[in-house]
Amino acid sequence: MSQAPAQAPQPDYGPSLPELVRPRLRALARWQRATLLLCVLALVTAAVALLIRSEAATQPYHQSAADASARGLPEIPFHFDHSSKLKLSRPPGAYVKAERLLNGTLAGSFRVGSFELGPQQGLVSGFMPIVATKFERRAARGYDHFRLVFEGRARVNQVEGYQFAFTARLTRPGRLARQLFGRIVMLPRPYDTGDPGADYPEGQSPQQGLLITMLATTIDKIPSATRVGDEGILQKPFRSFRFGN
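A quick note: this is a predicted structure, and the numbers were derived from the prediction, not measured.

Looking only at helices and strands, the protein has five helices and ten strands in total. Long-range pairs, those at least 24 residues apart, make up 54% of the contacts in the protein between residues at least 6 apart in sequence. Surface exposure of the protein reaches about 15,100 Å², of which carbon and sulfur atoms provide 54%.

Here we take up the sheet that holds strand E3 (residues 87-89). Picture the strands of a sheet paired through backbone hydrogen bonds; they go either parallel or antiparallel. Taken together, seven strands build an open sheet; the order of strands is E3-E4-E5-E9-E8-E7-E6 and the sheet is antiparallel. This sheet does not close on itself; its edge strands, each paired only once, are E3 and strand E6 (147-156). With strand direction ignored, the average angle separating the axes of adjacent strands in the sheet is 20°. Two elements, strand E5 (residues 105-116) and strand E9 (residues 208-216), share nine bridges in a ladder whose sense is antiparallel. Within E9, the position partnered with Ser109 by the bridge is Leu215.

All right, on to the side chain of Gln63 then. The residue Gln63 is located in strand E1 (residues 58-63) in this model. Within the structure, Gln63 has its side chain in polar contact with the side chain of Asp67 (distance 2.9 Å). Excluding residues that lie within four positions of it along the chain, Gln63 makes contacts with Ala68, Arg71, Ile76, Pro77, Phe78, Tyr95 and Asn245.

Bringing helix H4 (residues 124-142) into the picture now. Count 3.6 residues to each turn of an α-helix, and residues three or four apart come out pointing the same way. In this model, H4 (19 residues) spans 26 Å end to end at C-alpha, consistent with the 27 Å of a helix rising 1.5 Å per residue. Regarding H4, the residues found buried are Val124, Phe127, Met128, Val131, Ala132, Phe135, Glu136 and Ala139. Looking at the packing, one finds that the buried side of H4 touches E5, E6, strand E7 (159-172), strand E8 (175-188) and E9.

Our focus in this paragraph is the pattern of salt bridges. Considering all chains together, one arrives at nine salt bridges under this definition. For the salt bridge of Glu160 with Arg153, the shortest nitrogen-to-oxygen distance reads 2.9 Å. The exposure class of Arg153 is exposed, given its relative accessible area of 56%. The residue Arg155 makes a salt bridge to Glu160 at a minimum N-O spacing of 3.7 Å. Taken together, the salt bridges that share partners define one network made up of Arg183, Arg227, Asp230, Glu231 and Arg239.

Residues Lys134, Arg137, Arg138 and Arg141 make up a contiguous surface patch of positive charge. By secondary structure assignment, the location of Arg137 is in helix H4. For Arg137, a relative accessible area of 55% gives the class exposed.

With respect to the secondary-structure elements, Glu231 resides in the loop between E9 and helix H5 (235-239). Judged by relative accessible area, which is 28%, Glu231 ranks as partly exposed. Through-space distance from the C-alpha of Glu231 to that of Lys221 is 8.4 Å; in sequence the pair is ten residues apart. Other than its neighbours up to four places away in sequence, Glu231 contacts Asp220, Lys221, Ile222 and Pro223. Within polar-contact distance, the side chain of Glu231 engages the side chain of Arg227 at 2.9 Å.

We now examine the packing of aromatic side chains. Here the structure, examined in full by the defined rule, presents 14 aromatic pairs. With a centroid separation of 6.1 Å and 80° between ring planes, the pair formed by Phe241 and Phe243 is classed as edge-to-face. With relative accessibility at 1%, the residue Phe241 sits in the buried group. A relative accessible area of 9% means that Phe243 is categorised as buried. Within the aromatic cluster, the residues linked to one another by ring pairs are Tyr61, Phe78, Phe80, Tyr95, Phe110, Phe241 and Phe243.

Moving on to a nonpolar patch on the surface. A cluster of nonpolar side chains, namely Leu37, Leu38 and Leu41, defines an oily patch on the protein surface of about 310 Å² accessible area. As for its position among the elements, Leu41 is in helix H2 (residues 30-55).

Rules used throughout
Residues numbered from 1 in each chain as written. Predicted model: local features only at pLDDT ≥ 70, side-chain atom pairs only at ≥ 80, totals over all residues. Heavy atoms only, no water. Helix = DSSP H or I, 4+ residues; strand = E, 2+ residues; numbered from the N terminus. Contact = heavy atoms within 4.5 Å. Areas by Shrake-Rupley, 256 points an atom, 1.4 Å probe, with all protein chains shown as cover. Pairing = 2+ DSSP bridges. Axes fitted to C-alpha atoms, helices over the stretch in contact; angles between N-to-C directions. Polar contact = N/O pair within 3.5 Å; in protein donor to acceptor, adjacent residues only side chain to side chain. Expected span 1.5 Å × (residues − 1). Buried < 20%, exposed > 50% of the residue type's maximum accessible area, 1.4 Å probe, protein only. Salt bridge = Lys/Arg side-chain N within 4 Å of Asp/Glu carboxyl O. Patch = residues over 30% accessible without salt bridge, like charges linked within 9 Å, V, L, I, M, F, W, Y side chains within 5 Å. Lys, Arg positive; Asp, Glu negative; His and termini not counted. Charge placed at Lys NZ, Arg CZ, Asp CG, Glu CD. Phe/Tyr/Trp six-rings, centres within 6.5 Å; stacked < 30°, edge-to-face > 60°.

Take it as geometry only, folks, not as evidence of what the structure does.
Below is the structure:
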């Protein structure tokens, strides 16, 4: 008569953690269990607060004239603050780009470059709309389904400039396209960074400026192109942007 093959002994892992803890909890007095529960809740609350504080942390960015010169860019110093959620990079032709991606999709981007004005006459409010036309045409060629929705004067921390806002389509290989909101702000270099609102002396005009390109999607809960930089993750760098060290 054949015998059933003997089964290999199963490893003995011992009691599980809940099995070890449960009798000890039952042995505690009611006030001890309540105290332990309060301690656990306090630890969880502290961990959550630390995570929120870490994500909301603000970091400064300072662009020095020396660094710009070393990279072949105009020596225009500036600085701004940004959330630690934005990751910094230095793409070719730009001073800096602060960007946030969620699952590989753009949430917001803040890019600072430069532009040349050349000899100009008159007030900034008079010649900047003409200068802006070049950048609007460039944006129309560079963004899919570009549509201009606004243009007009801009003032960023006392520096007068010009801006335009647009909508476009963010194409993603193998995925549905997403609506893109854009806002481009052109700021001529101030005559005196200590007094950004001061006019240039008669007969002089700015020759260079900074070009701030802000892009956002509804991932950052931006309702329209005109609100880019005024809401969401790009608000802090735009509101804090200043010329000078």
